[in-house]
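These are the residues of each chain, in order.
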Amino acid sequence: RSQGPAASAPQQQATTAAAVLGLCSQPIMWWSLYTLKTTGCGLPAGPFGLLGAAEGISYLVVIGFVAAALLSKATSGSGLPAGPGGLLGAAEG
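Quick caveat, the model's predicted, so the values are computed rather than measured.

**Focus: the packing of helix 1 (residues 9–39) against helix 2 (residues 50–76)**
Relative to each other, helix 1 and helix 2 sit at 115°, their axes nearing to 8 Å. The hand of the helix 1/helix 2 crossing is left-handed. Note on element contacts: helix 2 touches helix 1 through L51, A54, E55, S58, Y59, V61, V62 and F65, opposite A18, A19, L21, G22, S25, Q26, I28, M29, W31, S32 and L33. In terms of residue class, the contact of helix 1 with helix 2 is made up of 13 nonpolar, five polar and one charged.

**Let's talk about a nonpolar patch on the surface**
On the surface, W30, L33 and L36 cluster together to form a nonpolar patch covering roughly 300 Å² of accessible area. Within the secondary structure, W30 sits in helix 1. With relative accessibility at 54%, the residue W30 sits in the exposed group.

About the criteria used
- Residues numbered from 1 in each chain as written.
- Predicted model: local features only at pLDDT ≥ 70, side-chain atom pairs only at ≥ 80, totals over all residues.
- Heavy atoms only, no water.
- Axes fitted to C-alpha atoms, helices over the stretch in contact; angles between N-to-C directions.
- Helix = DSSP H or I, 4+ residues; strand = E, 2+ residues; numbered from the N terminus.
- Left-handed = near helix turned anticlockwise from the far one by under 90°.
- Contact = heavy atoms within 4.5 Å.
- Nonpolar A, V, L, I, M, F, W, Y, C, P; charged D, E, K, R; others polar.
- Patch = residues over 30% accessible without salt bridge, like charges linked within 9 Å, V, L, I, M, F, W, Y side chains within 5 Å.
- Areas by Shrake-Rupley, 256 points an atom, 1.4 Å probe, with all protein chains shown as cover.
- Salt bridge = Lys/Arg side-chain N within 4 Å of Asp/Glu carboxyl O.
- Buried < 20%, exposed > 50% of the residue type's maximum accessible area, 1.4 Å probe, protein only.

Structure below.
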């Protein structure tokens, strides 16, 4: 499961993309939660509904990371691997 030198280039690219998506999703999710706490509703839809879409996608990405980390912890005893540059571990938290 580790991302050592034997990991293929497409696998490393996918892992890096997932890590970057996770790191970008967390601030949007926290902003949404703060807005929900202070105003009683989530983020506004924004132009063309893009902000609302980003909010929904962010929740799904974060939930996916939590599920993957829990599954990894239950099956291997440790969380997600660090990934290239430690990005996946950073996205996991």
